[in-house]
Structures are given as C-alpha cells and as structure tokens.
Amino acid sequence: MSEDYESLRERMVAAQIEGRGIRDPRVLGAMRKVPRHVFVPNEMKSCAYADEPLPIGQGQTISQPYIVAYMTEVLELSGGEKVLEVGTGSGYQTAILAEVAAEVWTVEIYEALSIGARARLEALGYENIRYRVGDGSRGWPEAGPFDAIMVTAAPGAVPAALEAQLAVSGRMIIPVGVNSQELILVQRKKASFRRDSLIGVRFVPLISKRMDGGND
Ligand code: SAM
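Residues numbered from 1 in each chain as written. Predicted model: local features only at pLDDT ≥ 70, side-chain atom pairs only at ≥ 80, totals over all residues. Heavy atoms only, no water.

Draft legend 1. Broad picture of the sheet that holds strand 4 (residues 103–108). Strand order in the open sheet formed by seven strands is 5-4-3-6-7-8-9, and the pairing between neighbours is mixed. Among the strands making up the open sheet, the edge pair consists of strand 5 (129–133) and strand 9 (192–201). Averaged over all neighbouring strand pairs, the angle between strand axes comes to 15 degrees, with direction disregarded. Taken together, the eight bridges between strand 8 (residues 181–189) and strand 9 define a ladder with antiparallel strand orientation. Bridged to Gln 181 within strand 9 is Val 201. Sitting on the sheet, helix 3 (residues 65–74) is in contact with strand 6 (146–151), strand 7 (166–176), strand 8 and strand 9, with an inclination near 160 degrees to strand 9. Set on the sheet, helix 5 (residues 111–123) makes contact with strand 4 and strand 5; between it and strand 5 the angle comes to about 165 degrees. (Pairing = 2+ DSSP bridges. Helix = DSSP H or I, 4+ residues; strand = E, 2+ residues; numbered from the N terminus. Axes fitted to C-alpha atoms, helices over the stretch in contact; angles between N-to-C directions. Contact = heavy atoms within 4.5 Å.)

Draft legend 2. Structural detail: the packing of aromatic side chains. Under the criterion given, the structure shown has four aromatic pairs. Ring plane angle 45 degrees and centroid distance 6.2 Å describe the contact between Tyr 5 and Tyr 49, whose orientation is recorded as tilted. Note that Tyr 5 is positioned in helix 1 (residues 2–17) and Tyr 49 in the loop between helix 2 (25–33) and strand 1 (54–57), a separation of 44 residues in sequence. The buried category is assigned to Tyr 5, whose relative accessible area is 9%. The buried category is assigned to Tyr 49, whose relative accessible area is 7%. Centroid distance Phe 39 to Tyr 92: 5.8 Å. Interplanar angle 65 degrees. Geometry classified as edge-to-face. Of this pair, Phe 39 sits in the loop between helix 2 and strand 1 while Tyr 92 sits in helix 4 (residues 92–100), and the two are 53 residues apart along the sequence. Residue Tyr 92 is classed as buried on the basis of its relative accessible area of 1%. (Phe/Tyr/Trp six-rings, centres within 6.5 Å; stacked < 30°, edge-to-face > 60°. Buried < 20%, exposed > 50% of the residue type's maximum accessible area, 1.4 Å probe, protein only.)

Draft legend 3. The arrangement of the nonpolar core in detail. Counting 53 residues, the largest nonpolar core has Ile 17, Ile 22, Met 31, Leu 77, Tyr 92, Leu 121 and Ile 173 as the members making the most contacts within it. In terms of residues, this core owes the most to one element, helix 3, which gives seven residues. With near-sequence residues (within four places) excluded, Ile 17 lies in contact with Met 12, Ile 22, Leu 28, Met 31, Pro 65, Tyr 66 and Ala 69. (Core = buried A, V, L, I, M, F, W, Y, C linked by side-chain atoms within 4.5 Å.)

Draft legend 4. Highlighting the site of the ligand. Taken together, the neighbourhood of the ligand is formed by 26 residues, with Ser 90, Glu 108, Asp 135, Gly 136 and Ile 207 sitting nearest. In the complex, 100% of the free accessible area of the ligand, which totals 610 Å², lies under the protein chains. Broken down by secondary-structure element, the contributors of at least two residues to the shell around the ligand are strand 2 (60–62), strand 3 (82–86), helix 4 and strand 4. Here the residues of the shell around the ligand sort into 12 nonpolar, 11 polar and three charged. (Near = heavy atom within 4 Å. Areas by Shrake-Rupley, 256 points an atom, 1.4 Å probe, with all protein chains shown as cover. Nonpolar A, V, L, I, M, F, W, Y, C, P; charged D, E, K, R; others polar.)

Draft legend 5. A look at the pattern of salt bridges. Using the criterion set out here, one finds nine salt bridges in the structure. In this structure, Glu 10 and Arg 32 form a salt bridge, with 3.1 Å as the shortest nitrogen-oxygen distance. With Glu 10 in helix 1 and Arg 32 in helix 2, this residue pair connects regions lying 22 residues apart in the sequence. With its nearest N and O atoms 3.2 Å apart, the salt bridge here joins Lys 33 to Glu 99. A residue pair is termed long-range when its members are at least 10 positions apart, and Lys 33 in helix 2 and Glu 99 in helix 4 qualify at 66 residues. Lys 33 sits in the exposed class, given a relative accessible area of 52%. Salt bridges here are not isolated pairs; linked through shared partners, they connect Glu 10, Glu 18 and Arg 32. (Salt bridge = Lys/Arg side-chain N within 4 Å of Asp/Glu carboxyl O.)

So this is what it looks like as structure tokens:
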C-alpha cells in the first residue's frame, strides 16, 4: 500500500505541481517526500493525492496540493529561515515548511487540530516545529521577528500584528478577502511594506476570537 501512495505522490507532483509551473527544487523535493495521506482522515485516504482540498474536521480543510506548493515557493525559502505559520490544520503544510526552512512556529485556533497535527509531525520525526493553540492573527510576538509568515485562513485585511512581526526583507503570503479572496504577498522593506496581489483563491475564514467565542 505504501508503494501505491508513493506512486500517487509522484504523479501528483508531476501533473499538479511541476505541470503547473512550480520550479523550486526544494519545494518539489518536499512535495515528493511528505506523505500527504498521513494528514487526511482515514475515510479520505483514497483521495489524499487528488487535486482538491479535503475536510479535516472542525469545518476545516487541508489545502489543495498545488496551493500548498505555490504558497511555499512564493516565500523563496533557502533553508535557514524562521517561519511563522498561522493555521496548523492537519499539519501537512507545516511539514512542507519544516522541510524547506530551519524552524517553523505554528499556531492553530482549534486545540483538537493542533494536538492531531503535532502527533503526526512528531511521529514523522520533525523536531524543528513549535506549536501553539490560540488566535494566530496576533502572531507569536515573543518569538518574532520571522523571516517568513504563511497564513492559511483568510482575514478581511492583513493583520497589523503579523506585518509587525515580519523581519526586514521578510515575506508573508496570506489570503485576504471575505466573499472573493486574493493571495497577497507582503514584502517588508525597512519601515515600509509592499503588497502585491497574486492569484484568486478560496480559503476558510480566519476565525477571530470574537467569532469563535474565545478560544485562546
Ligand atoms: N495548512 C493546513 C493544512 O495543511 O492542513 C490547512 C489549513 S486550513 C485551510 C486553515 C486553518 O486555519 C484551520 O485549521 C483553522 O482552524 C485555522 N484557523 C482559522 N482561524 C485561525 C486563527 N485565528 N488562528 C489560528 N488558526 C486559525
């Protein structure tokens, strides 16, 4: 069965990732290595390498493989970076980041998702990840600044706290918007921020403490 998953993963990378223009060899290597089927619920394992997001519980999703690769490539990581991830979810994107950066600090608002992701990532042997349960729109102030930030749920606007925790020359990728969303690349240049809209996307909303009734 594990051989089947390996060939499904290879086909996924060839058709969905390389086939759509992802070129960073480190991102391609991570997508080839990380066993996506470990991060999806048992009843969804047969769809683990399909070209779509999948439900992971709590009304949340594991993102489509292409979007995971695209958002990782845009961060232009070379291996030594400290990265903040907002929205741990299943932990799949966390694993991809842990493959291509030095340290990943990941925040998830649902405790059950964070616990599940941590168990999977520890079982796979990742030792360069720190976990927190809470509202990631506030970032992780005492651990910043971060060379890169990835947000995998969509706020209405880029949270100021996240921009403030971006290192000079740092890059943040974040979906923004309520009805229609765009992926925004934020680049910090000393005191100013450049914001570029890249592609249209559809993510679950970033839950604010107010919407969630206080889950911090
Ligand atoms: N990257 C994840 C993966 O690979 O499975 C998918 C993330 S899913 C699209 C978005 C995640 O963001 C969900 O797990 C959701 O619970 C989480 N989330 C939503 N609002 C949040 C917040 N304010 N702080 C932290 N996590 C949040």
